[in-house]
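Each chain is listed here by its residues.
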Amino acid sequence: MGVFVTILFMAVIGAVIGGFTNHLAIKMLFRPYKAIYIGSWRVPFTPGLIPKRRDDLARQLGKTVVNYLLTPETFRKKFFSNDIRLKIEQWLNEKIETTLFTDDKTINDWLKQAGIENIHLAIEEKVDALIIDQVDKVQNVLSTKTVRELLPERWQEKANTKIPDIARYILNKGDVYFESEEGYQTIKRLIDDFLDTKGTLGGMIQMFLGDSSSIVNKAQKEIKKFLNADGTFVLVSNMLTNEWVKLQDQTVTQLVGDLDFNSTTKAIQSYVKNELKIENRLDQPIVHYWTNGAHWMQQNVVPQVVDNAFVQAEMKLEDVLKRLNLEEVVREQVDTFPVEVLEDLVLGISKREFKMITVLGFVLGGIIGVVQGIIVTLIN
């Protein structure tokens, strides 16, 4: 019975020593938090291992995070996957449809939101200035350049080919006119007026010839012969050609005189602004002018923007991570943690394992106590 009590006693003592030793070793990882001094002598094993090696722990943790946790490849898998791409495209499509292409906001509302007021007045001023500039340019061109310089060469060639047709048209119209009753009366009136201006001689001719009707008939025939003669056609054609050449060497201002460009400018400005109705147009939503804009942007703009953004982001990823210097950020953060926080962090993760180590200390200590009890009994 004494042997059993001895072995049991040794086992209990060994278990208590083993368990307490392991428990103390675990506690000494963190405790004490600060070094303990007796005078100028620092008590050994103070502070605890982790508080003492806190800087090394922070530095190593920073390297671990950068090298194994927050690596470029990790970010690529998490943020540049097809699922993320599709979610971003879906979000942008919804925003475009519900925010940009909606009846709730007019173009003016968007401009005001951007801090732009009375944009229609600025646009009208630009329109007025543009019209003045263009009219000045037209005025300068019309007053300095000849018709020959203004007309395209193709138009000049076409005009030259039309001169014979115009001459023929004039002669034909003259022939038709002088054969008509109106032409007859015109010739008669001209002859009567001519004879009346000749006084006595005209009266004698009238007495000799009688009524002027006979002279009119003869004059009609002669005029018709003249209009249908080849020489007349050549004469008219040459006259038109010469006049056309002279006309081409003159400026528009020389042909029609000075033009009132000021009133013309004001009239154009008033007409353009009245037709544009800029203020009214800005009071319409974007969808009013672009009914399928949302669909078009969803099909043509959003995919390209997202793809380009992803490509650029991936290209700049490593550079951004280097600039962030995550290793230093983690080191600084860990270095500023209170030791209590580090203790809670480690124990929160490994609390169960530490308990098992303590229990293992009890078990091993108990086994060692049993072995020692058996050895002592055999020796005695």
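All of these numbers come straight from a predicted model, not from anything done at the bench.

Scanning the chain for helices and strands turns up 21 helices and two strands. Taking all 380 residues of the chain together, the buried fraction comes to 23%.

Moving on, we come to the pattern of salt bridges. Opposite charge on two side chains permits them to pair, given that their charged atoms come into close proximity. All told, the structure shown has eight salt bridges when counted by the stated rule. Close ionic contact of Glu179 with Lys224 constitutes a salt bridge, the shortest N to O distance being 2.5 Å. Here the residue Glu179 occupies a position in helix α9 (residues 153-179), and Lys224 occupies one in helix α12 (residues 213-228), the gap between them amounting to 45 residues. One salt bridge connects Asp319 with Arg323, and the closest N-O pair in it is separated by 3.0 Å. With a gap of four residues between them, Asp319 and Arg323 both fall in helix α19 (residues 302-324), about one helical turn apart. Here Asp319 falls in the partly exposed class, since its relative accessible area comes to 36%. Salt bridges here are not isolated pairs; linked through shared partners, they connect Asp175, Glu179 and Lys224.

Right, let's get into the UniProt feature "transmembrane region" (unreviewed entry) in the chain. Following the UniProt record, the feature "transmembrane region" (unreviewed entry) maps to residues 6-26 and 357-379 here. This span, residues 357-379, is 100% helix and 0% strand, and a straight line between its end C-alpha atoms measures 32 Å.

Under the counting rule described, the total for this entry stands at four aromatic pairs. Relative to Trp290, the ring of Phe101 has its centre 5.6 Å away and its plane inclined at 75°; by these criteria the two rings are edge-to-face. Of this pair, Phe101 sits in the loop between α5 (82-100) and α6 (107-113) while Trp290 sits in the loop between α17 (286-289) and α18 (293-300), placing them 189 residues apart in sequence. Centroid distance Tyr177 to Phe178: 5.3 Å. Interplanar angle 75°. Geometry classified as edge-to-face. Ring-pair connections join several aromatic residues into one group, and the members of that group are Phe101, Trp290 and Trp296. Positioned above the aromatic ring of Phe310, the side-chain terminus of Arg85 is 4.5 Å from the ring centre. The ring of Phe233 carries Arg168 above its face, with NZ or CZ at 4.2 Å from the centroid.

Let us now look at α9. Given a rise of 1.5 Å per residue, 27 residues ought to cover 39 Å, and the 40 Å separating the end C-alpha atoms of α9 matches this to within 8%. The axis of α9 is deflected most strongly, by about 35°, at Lys162, and proline Pro164 appears within four residues downstream. Listed as buried for α9 are Gln156, Ile163, Ala167, Leu171, Gly174 and Asp175.

Now for the nonpolar core. Formed by 13 residues in total, the largest nonpolar core has its most connected members in Phe75, Ile96, Phe101, Leu317 and Leu321. Going through the elements one at a time, α18 and α19 are the ones with two or more residues in this core. The element that contributes the greatest number of residues to this core is α19, accounting for five residues. Of all hydrophobic cores here, the second largest spans seven residues; its members include Val127, Val135, Phe261 and Ile278.

This part covers the side chain of Asn108. Relative to the helices and strands, Asn108 resides in helix α6. A relative accessible area of 12% means that Asn108 is categorised as buried. Engagement of the side chain of Asn108 in a polar contact is seen with the side chain of Asp283, the distance being 2.9 Å. Leaving out residues up to four positions away in the same chain, Asn108 has contacts with Ile119, Glu279, Leu282 and Asp283.

All right, on to the environment of Gly373 then. Structurally, Gly373 can be placed in helix α21 (residues 339-379). By relative accessible area, which is 0% here, Gly373 ends up buried. Separated by 363 residues in the primary sequence, Gly373 and Met10 have C-alpha atoms spaced 5.6 Å apart. Those residues within four positions of Gly373 in sequence are excluded, and the remaining contacts are Ile7 and Met10.

Basis of the calculations
- Residues numbered from 1 in each chain as written.
- Predicted model: local features only at pLDDT ≥ 70, side-chain atom pairs only at ≥ 80, totals over all residues.
- Heavy atoms only, no water.
- Helix = DSSP H or I, 4+ residues; strand = E, 2+ residues; numbered from the N terminus.
- Buried < 20%, exposed > 50% of the residue type's maximum accessible area, 1.4 Å probe, protein only.
- Salt bridge = Lys/Arg side-chain N within 4 Å of Asp/Glu carboxyl O.
- UniProt positions renumbered as here; feature names shortened; annotations may be inferred.
- Phe/Tyr/Trp six-rings, centres within 6.5 Å; stacked < 30°, edge-to-face > 60°.
- Lys NZ or Arg CZ within 6 Å of the ring centre and 35° of its normal.
- Expected span 1.5 Å × (residues − 1).
- Bend = angle between axes of the 7 residues up to and from the residue.
- Core = buried A, V, L, I, M, F, W, Y, C linked by side-chain atoms within 4.5 Å.
- Polar contact = N/O pair within 3.5 Å; in protein donor to acceptor, adjacent residues only side chain to side chain.
- Contact = heavy atoms within 4.5 Å.

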